[in-house]
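# Per-entry structural report
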Amino acid sequence: MTRTVVESKTKTAVIGFDEPFCVIGERINPTGRKLLAAELEAGTFDTVTADALQQVECGATMLDVNAGVVYNSNPNPNETEPPLMTRLIKLVQSTVDVPLCIDSSVPEALRAGLEACEGRPLLNSVTGEEERMEAILPLVRKFNVPVVAISNDDAGISEDPDVRFEVARKIVHRAADHGIPAHDVVVDPLVMPVGAMASAGRQVFSLVRRLREELDVNSTCGASNISFGLPNRHAINAAFLPMAIAAGMTSAIMNPTRPLEMAAIHAANLLMDHDPHGSVWIRNYKPKTAEAGAQPMRGRRRRRR
């Protein structure tokens, strides 16, 4: 069975076909979060600390850390992002003890995160673009870490799932040329919004099965992409995740503070026999006991009138 091992200083997370679904918390990312972006630009990190603690409390297995802030004073990410990534990585790993996913499109920011990180983080990400593979894969090899491989290349993101599969195959083979084993490549087959492409769900389920059966690799995705632009997004996400898990998906970058989605994942783990004795399900969903001191009705002596 394929197993991708990710570590913090004190904890190990395993992404694998026979493992519980790996929830990678997405909240430490300023993209689309104006308040967080403004705080980071101002050098304030209270929200980062709060998000790290809350995500772990809600069940995140790992935390994604993204430092992609556009500074008004210096909009060049090659200069601003590496030092911010270093600071975020150090802050987050001093706050929680789960493994981290270092997330950036800037190679120097990825390097800075790797140098600051204790343990064996997941690197997010490499694509099938030639320039990107030549920049990132040697870094993956040097630091001996697993990497997220995103199924787009120099031609962009294809709506054809067969093309996206071939891009994934290319990255896995190129990684092998650099001495990186397939079990250290976690493929993101790219989830399209079902509101824009009706076949998006079926496409990704088919792709995940092929990734598992033909390339023997783990998979991940940005789970909320499936519901983009639609109302009641959490219900769609909560339906999508167990279906993806049944198809073979082994992790997702998502918001673990959403109870509906987390309940769906816990139920899927139980039904896939990835929750021994149902212990996680029972711990999370067993009814609360009666208040201390309350007595059961049975056995009470009736008061005489």
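In this text, all values refer to a predicted model and were calculated from it rather than measured experimentally.

As a rule of thumb, nonpolar side chains are buried together in soluble globular proteins. One finds L63, V92 and L123 to be the most contacted residues of the largest nonpolar core, which totals 48 residues. Considering every element that reaches this core, the biggest residue donor is helix α6 (residues 161-177), with six residues. The contact partners of V92, leaving out residues within four places of it in the chain, are I28, V48, A52, L63, V65 and L100. Counting 23 residues, the second largest nonpolar core, distinct from the first, contains V191, M192, A223 and A252.

The next point concerns the environment of D153. Here D153 lies in the loop between β7 (147-150) and α6. As a C-alpha pair, D153 and A168 span 15 residues in sequence and 9.5 Å in three-dimensional space.

Okay, the sheet that holds strand β6 (residues 122-127) next. If you trace the eight strands from one edge of the open sheet to the other, you get β9-β8-β7-β6-β5-β4-β3-β10, paired in parallel fashion. For this open sheet the edge positions go to β9 (218-219) and β10 (251-254), each flanked by a neighbour on one side alone. Relative to strand β8 (residues 185-188), β7 runs parallel, the two sharing four bridges. When the bridges of β8 are listed, V147 appears paired with V185. On the sheet, α6 packs against β6, β7 and β8 and is oriented at approximately 165° with respect to β8.

This brings us to the pattern of salt bridges. Enumeration over the complete set of coordinates arrives at 12 salt bridges. In this structure, D51 engages R33 in a salt bridge whose closest nitrogen and oxygen atoms are separated by 2.8 Å. With D51 in helix α2 (residues 46-57) and R33 in the loop between β3 (22-28) and α1 (34-41), this residue pair connects regions lying 18 residues apart in the sequence. Take D51 and R33: they sit in the same class, and that class is buried. The salt bridge partner of E108 is R111, with a shortest N-O separation of 4.0 Å. Of the two residues, E108 and R111 both sit in helix α4 (residues 107-116), three residues apart, roughly one turn of that helix. For E108, a relative accessible area of 44% puts it in the partly exposed group. Each member of the salt-bridge network shares a partner with another, and the members are D162, E166, R169, R210 and E214.

Attention shifts here to the packing of aromatic side chains. Considering all chains together, one arrives at two aromatic pairs under this definition. Relative to Y285, the ring of W281 lies with its centre 4.2 Å away and its plane at 40°, an arrangement referred to as tilted. Within this pair, W281 and its partner Y285 are both found in helix α10 (residues 279-285), separated by four residues, close to a single helical turn. Overall, W281 belongs to the partly exposed group, its relative accessible area being 30%. Looking at Y285, the relative accessible area reads 31%, which means it is partly exposed. Just above the ring of F165 sits the side chain of R210; from NZ or CZ to the centre is 3.8 Å.

The omega torsion across N124 and S125 is 25°, close enough to zero to call that bond cis. Looking at the secondary structure, you find S125 in strand β6. In this structure, D216 takes a positive phi of about 60° despite not being glycine. Judged by its relative accessible area of 43%, D216 is partly exposed. Non-glycine residue H277 carries a positive phi angle of around 60°. Topologically, H277 is positioned in the loop between α9 (259-271) and α10.

Conventions used here
All residue numbers refer to positions counted from 1 along the written sequence of the respective chain. Local features in this predicted model are restricted to residues of pLDDT 70 or higher, and side-chain atom pairs are both shown and tallied only at a pLDDT of 80 or more, whereas totals for entire chains, interfaces and linings draw on every residue. Remark: hydrogens and water are excluded; side-chain values derive from all non-hydrogen atoms of the structure. Note on terminology: a nonpolar core comprises buried Ala, Val, Leu, Ile, Met, Phe, Trp, Tyr and Cys residues joined through side-chain atoms within 4.5 Å. Only protein chains enter the calculation, and the probe is 1.4 Å; a residue is then buried if its accessible area is under 20% of its type maximum, exposed if over 50%, and partly exposed in between. Only DSSP runs of H or I with at least four residues qualify as helices, and only runs of E with at least two residues qualify as strands; both kinds are numbered from the N terminus onward. Note on definitions: a residue-residue contact is assigned when non-hydrogen atoms from the two residues lie within 4.5 Å. At least two bridges found by DSSP between two strands are what make those strands a pair. Each axis is a line fitted through C-alpha atoms, taken for helices only over the stretch in contact, and angles between the N-to-C directions span 0 to 180 degrees. The salt bridge definition used is simple: a Lys or Arg side-chain nitrogen within 4 Å of an Asp or Glu carboxyl oxygen. In summary, the pairing rule links any two rings of Phe, Tyr or Trp, Trp by its six-membered ring, whose centres are within 6.5 Å, and it sorts them by plane angle into stacked for under 30 degrees, edge-to-face for over 60 and tilted for everything else. Whether a charge lies above a ring is judged from NZ of Lys or CZ of Arg, which has to be within 6 Å of the ring centre and within 35 degrees of the ring normal.

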